[in-house]
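# Descriptive analysis of the structure
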Amino acid sequence: MTHASSEILVIGAGVIGLSAALRLRQAGLRVTVLERGSVGREASWAGGGILSPLHPWRYRPALLQLATAGMQQYPNFVAEIQAATGIDPEWLASGMWVLNSPEAPLPADAPAWGADWGWQWQQFSAAEMRARAPFLHADSALFCPEVAQVRNPRLLAGLRAYVEQLGVAIHEHQEVEALARQSHVWKVSTHSAVWESERVLLSAGPWSKTILERQGISTSITPVRGQMALLQGEPGALPQIVLEGSHYLVQRKDGQILVGSTSEDVGFCKGNTEEALAELRAFAERVFPAARAADLLQQWSGLRPGSPDNIPYIGAVPEHPGLYLAAGHFRYGLTTAPITAELLRALILEQEPPLDPTPYRLPLSPKA
Ligand SMILES: Cc1cc2nc3c(=O)[nH]c(=O)nc-3n(C[C@H](O)[C@H](O)[C@H](O)COP(=O)(O)OP(=O)(O)OC[C@H]3O[C@@H](n4cnc5c(N)ncnc54)[C@H](O)[C@@H]3O)c2cc1C
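Residues numbered from 1 in each chain as written. Predicted model: local features only at pLDDT ≥ 70, side-chain atom pairs only at ≥ 80, totals over all residues.

Right, let's get into the sheet that holds strand 19 (residues 323–327). Sheet strands pair by backbone hydrogen bonding; their relative direction is either parallel or antiparallel. Strand order in the open sheet formed by six strands is 8-2-1-12-19-18, and the pairing between neighbours is mixed. Edge positions in the sheet fall to strand 8 (169–171) and strand 18 (313–316), since each has one partner strand and no second. Neighbouring strand axes in the sheet, compared pairwise and without regard to direction, differ in orientation by 15 degrees on average. Pairing analysis gives four bridges linking strand 18 to strand 19, with the strands arranged antiparallel. Counted as the bridge partner of Ala-316 is Tyr-324 from strand 19. Strands strand 1 (8–11), strand 2 (31–34), strand 12 (200–202) and strand 19 of the sheet are contacted by helix 1 (residues 15–26), whose axis makes an angle of about 170 degrees with strand 2. (Pairing = 2+ DSSP bridges. Helix = DSSP H or I, 4+ residues; strand = E, 2+ residues; numbered from the N terminus. Axes fitted to C-alpha atoms, helices over the stretch in contact; angles between N-to-C directions. Contact = placed C-beta atoms within 7 Å.)

Here you go:
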């Protein structure tokens, strides 16, 4: 069975695919989204919702300019979604403590470095930390006031409701199995249908790699598993986000505390382990002693779409007219979703891009 054609087909309904669908629809395109499972149930759901490049000093400007733009766009992005749908994504300007530790020492010049990017970072000694954040057990720390959080499952629910309201057609349980281009038209096959479109946007997280490989295109996208634990805390007990190395704590408005996260190279295998739970709990209880009394509510994992230097691919796929890619956002896909969507809209519609797209281009595949 062949379905009616669309002006753009989006493959994958994570935060990247949904945000892009929103901006493309608002620009006037007829948009259809194909999702293998249910909307927004993979990494975009599993993530912590911290809106920051976490340790910016480790990264190249290409990632930082994307993250900074994303952070700046969030207040308007969530306000727009909430105004249209009534769903509150709980964007909260919590600020974030970055704790100094032997495993993850803070650079001595961090505040000066942050100022170059317009961030108002302040460094605090262990004694100052005891006065300012008595709920934490911490050595010296950096405070990053511009870091906010979003409750990502609610953001996804809001995005879905918004795009559907605008007329985007979403088809769940439609796993894309093959892509083929014939006479300027892409034919996209799932188990039950063939969809036609002049343009296709591939935003299938780490699975984008597999879909592209079937086209003979190799990328360096890799799945990186992250496990999380959820504890029940007292509302307001942990007013700021806390980061130490790759571990963090984020408290939601209702008191629930996310404890993240592992970084594991286990291929496309999702699943939870006792070791990870023990690691996350030990971290939480060490830096936030009140966590010792907190009940465990849930444990889950997600697959981050990893990429070289954590710089995502955003833009046209070379030598495949009409095929676009937006994947490889690694730990920062929630942070960078709004600006990724703006950039895609500009590139697909050949408009002035909001930032230089060069660093995000997919290189030409070497010829076989
Ligand atoms: C534990 C964890 C913590 C994180 N914390 C943060 C954080 O605090 N801040 C932050 O900014 N980022 C965070 N991230 C990263 C962020 O979640 C990801 O970068 C982002 O969600 C990637 O979005 P995506 O839309 O590309 O991928 P996904 O959310 O994985 O969406 C891809 C979609 O494509 C679908 N799909 C796959 N194959 C097919 C197919 N063949 N056909 C149709 N559909 C298909 C999938 O089912 C999925 O719904 C975290 C990630 C994890 C796992």
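Having seen the model, we can carry on.
A separate point is the site of the ligand. Residues in contact with the ligand amount to 41 residues; listed here are only the nearest, Gly-12, Gly-14, Gly-205, Gly-226 and Gly-333. Those elements that place two or more of their residues in the shell around the ligand are helix 1, helix 2 (43–46), strand 13 (222–232), strand 17 (295–306) and helix 9 (333–348). Class assignment for the residues of the shell around the ligand results in 18 nonpolar, 17 polar and six charged. Here the shell around the ligand spans two domains, and each of domain 1 (1–93 + 147–221 + 307–368) and domain 2 (96–145 + 222–306) adds at least three residues to it. (Near = placed C-beta within 6 Å. Nonpolar A, V, L, I, M, F, W, Y, C, P; charged D, E, K, R; others polar. Domains from an automatic or database assignment.)

This next bit is on the environment of Glu-279. For Glu-279, the position within the fold is in helix 8 (residues 274–287). Residues Glu-279 and Ser-261, 18 residues apart in the sequence, show an inter-C-alpha distance of 9.1 Å.

Taken together, the eight strands give an open sheet; going across it, the order is 5-6-4-14-15-16-13-17, and neighbouring strands pair in mixed fashion. Because the sheet does not close on itself, it has two edges, and the strands there are strand 5 (122–124) and strand 17. With strand direction ignored, the average angle separating the axes of adjacent strands in the sheet is 20 degrees. With three bridges connecting them, strand 14 (residues 241–244) and strand 15 (residues 247–251) associate as antiparallel partners. Directly across from Leu-243, in strand 15, lies its bridge partner Tyr-248. Along the sheet face, helix 8 touches strand 4 (96–99), strand 13, strand 14, strand 15, strand 16 (256–260) and strand 17 and points at about 55 degrees away from the line of strand 13.

For the protein chain, the assigned domains are domain 1 (1–93 + 147–221 + 307–368) and domain 2 (96–145 + 222–306). Listed per partner, the contact involves 28 residues of domain 1 and 27 residues of domain 2. The set of elements that each furnish at least two residues to the side of domain 1 that touches domain 2 consists of helix 2 and helix 3 (61–85). Within the side of domain 1 that touches domain 2, the residues separate by chemical class into 13 nonpolar, 11 polar and four charged.

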